[in-house]
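Here is what each chain is made of, one letter per residue.
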Amino acid sequence: MIDLTGRVALVTGASRGIGRAIARQLAECGAAVAVNYVTNAAAAEAVVAEIIAGGRQGLAVQADVRDREAVKAMVARTVEVFGRLDILVNNAGVLADQYLAFMSDEQFDTVLDICLKGAFNCCRAAVRPMMKGRWGRIVNVSSDAGLMGDLRRANYAAAKAGLLGLTKSLARELAGQGILVNAVAPGIIATDMTADMDDKRRATMLGLIPLQRFGQPEEVAAVVAFLCSDAAAYITGQVVGIDGGLRM
Ligand code: NAP
């Protein structure tokens, strides 16, 4: 059993998909959870309502992770309401797929700004309250694409690979402060992000996955909760694949 009683977590992009599953899981383990979203207030409030119905504390916090000031305000609000911040999960992410020759500056910049700069903004804002408690956990949601590359995803793969560099650098920098920094690299997980995959690609990808199915958000959340727990006290700077064996 993972016990996060007394811990306070902030999960970015927690209104839907993997982030929602992580927020629910951390709350189930006992943490108070700040549920970040960018546009989908109703979905974030629904996640908070579920957390509260389960007997834990939850708070919806709007911020575009690209916006440094909004991120600072989100962290300040979390600390104001819950008194501390121990766990940050950088999960917010988007796709803007295109072949290199046709990829616009905007498609490249948007994905880098949300997936990589957004995580940097959140780490920078969250690290001070974590240092105060001399205990912290940061989990960055990268992707198999960051390790293997992916067709039409030069932007996304670069951002997710960059996230691994960020993870390892912060793991070294923050180890002395009791803050552990790790990444997870999901393969294909059934969420809105993968819902519109065409049948041909679906069949091709299933053929490459030894477990012959796509993952569920809860299967990512379980690993994140473990990395946030005291059971993972000797793990930092690592990348944990959650991909049914796609990459090995
Ligand atoms: P999703 O269902 O599309 O949900 C995306 C979440 O990110 C939403 O909560 C959205 O908020 C939020 N978001 C988007 N832009 C944001 C911004 N600028 N600031 C703050 N929040 C923002 O995605 P998902 O499939 O759960 O993916 C979650 C993470 O896992 C992403 O980093 C993704 O790259 C990674 N991942 C996913 C897969 C997969 O197969 N699904 C595989 C590997 C890695 P709103 O609801 O307010 O729009």
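Just so you know, these numbers come straight off a predicted model, no measurement behind them.

*Asks:* Run through the pattern of salt bridges, naming residues and quoting values.
*Replies:* Where charged atoms of side chains with opposite charge meet at close range, the side chains can pair. As enumerated under the stated definition, the model contains 13 salt bridges in all. As a salt-bridge pair, Glu 80 and Arg 77 come within 3.0 Å of each other at their nearest N and O atoms. In this pair, Glu 80 and Arg 77 are both assigned in helix 3 (residues 68–82), 3 residues apart and thus about one turn of the helix distant. What makes Glu 80 exposed here is its relative accessible area of 60%. Using a relative accessible area of 39% as the deciding quantity, one classes Arg 77 as partly exposed. Arg 137 serves as the salt-bridge partner of Asp 230, at 3.8 Å between the closest nitrogen and oxygen. Taken together, the residues Asp 230 in the loop between helix 9 (217–227) and strand 7 (239–242) and Arg 137 in strand 5 (residues 136–141) connect sequence positions 93 residues apart. Through salt bridges with shared partners, one network takes in Asp 97, Asp 150, Arg 153 and Arg 201.

*Asks:* Describe the site of the ligand, listing the residues and the values that go with them.
*Replies:* In the vicinity of the ligand lie 32 residues, with Ser 15, Ile 18, Asn 91, Tyr 156 and Thr 191 positioned nearest. At 2.9 Å from an oxygen atom of the ligand is found a side-chain nitrogen or oxygen belonging to Arg 16. The separation between an oxygen atom of the ligand and a polar side-chain atom of Lys 160 is 2.8 Å. Alone, the ligand offers 910 Å² of accessible surface; in the complex the protein occludes 95% of this. The set of elements that each furnish at least two residues to the shell around the ligand consists of helix 1 (17–28), strand 2 (32–37), helix 6 (154–174) and helix 7 (192–195). Per element, the largest residue contribution to the shell around the ligand is 3 residues, and it comes from helix 7. A per-class count over the shell around the ligand returns 15 nonpolar, 13 polar and 4 charged.

*Asks:* Explain the nonpolar core to me, using residue names and the numbers behind them.
*Replies:* A general feature of soluble globular proteins is that nonpolar side chains tend to end up buried together. Counting 33 residues, the largest nonpolar core has Ile 22, Leu 26, Val 33 and Val 35 as its most contacted members. When residues of this core are traced back to their parent elements, those giving at least two are strand 1 (8–11), helix 1, strand 2, helix 2 (41–53), strand 4 (87–90), strand 5 and helix 9. Among the elements that line this core, the one with the most residues is helix 1, at 6 residues. In contact with Leu 26, not counting residues within four places along its chain, are Leu 4, Ala 9, Val 11, Ala 31, Val 33, Ile 87, Val 89, Ala 225 and Cys 228. Counting residues in each nonpolar core, the second largest holds 31 residues, with Cys 123, Val 127, Leu 166 and Leu 170 among its members.

*Asks:* Residue-level account of the packing of helix 1 against helix 9, with values.
*Replies:* Helix-helix packing is described using two parameters, namely the angle between the two axes and the distance between the axes. Packing of helix 1 against helix 9 brings their axes to within 8 Å, and their N-to-C directions diverge by 50°. In this view, helix 1 runs oblique relative to helix 9, as classed from their interaxial angle. The handedness of the crossing between helix 1 and helix 9 comes out as right-handed. Note on element contacts: helix 9 touches helix 1 through Pro 217, Glu 218, Val 220, Ala 221, Ala 222, Val 224 and Ala 225, opposite Gly 17, Ile 18, Ala 21, Ile 22, Arg 24, Gln 25 and Leu 26.

Rules behind the numbers
- The residue numbers shown here count from 1 along each chain, following its written sequence.
- Totals for whole chains, interfaces and linings use every residue, but because this is a predicted model, local features are given only for residues with pLDDT of at least 70 and side-chain atom pairs only at 80 or more, for both listing and counting.
- To get the side-chain values, all heavy atoms of the structure are used, and hydrogens and water are removed first.
- Just to be clear on terms, a salt bridge is a Lys or Arg side-chain nitrogen sitting within 4 Å of an Asp or Glu carboxyl oxygen.
- Working definition: helices are DSSP H or I runs of at least four residues, strands are E runs of at least two. Numbering for both runs from the N terminus.
- Whether a residue is buried, partly exposed or exposed follows from its accessible area with a 1.4 Å probe, protein chains only, as a fraction of its type maximum: under 20%, in between, or over 50%, in that order.
- Neighbouring residues are identified by heavy atoms, a residue being near a molecule or strand if any of them is within 4 Å of it.
- Any N or O atom pair separated by 3.5 Å or less is treated as a polar contact, with the protein-specific requirement of one donor-capable and one acceptor-capable atom, and with residues adjacent in sequence counted only for side-chain atom pairs.
- A 1.4 Å probe and the Shrake-Rupley method give the accessible areas. Residues count as covered only by the protein chains that appear here.
- In this classification, Asp, Glu, Lys and Arg are treated as charged, Ala, Val, Leu, Ile, Met, Phe, Trp, Tyr, Cys and Pro as nonpolar, and every other residue, Gly included, as polar.
- By nonpolar core we mean a set of buried residues, namely Ala, Val, Leu, Ile, Met, Phe, Trp, Tyr and Cys, connected to one another through side-chain atoms within 4.5 Å.
- The contact definition used throughout considers only heavy atoms, calling two residues in contact when any of these lie within 4.5 Å.
- Under this scheme, a helix contributes an axis fitted over its contacting stretch, all axes are lines through C-alpha atoms, and angles between N-to-C directions fall in the 0 to 180 degree range.
- Working rule for angles: under 35 degrees goes down as roughly parallel, over 145 as roughly antiparallel, 65 to 115 as roughly perpendicular, anything else as oblique.
- Crossing handedness is read from the near helix: turned anticlockwise from the far helix by less than a right angle, it gives a left-handed crossing, and turned clockwise, a right-handed one.

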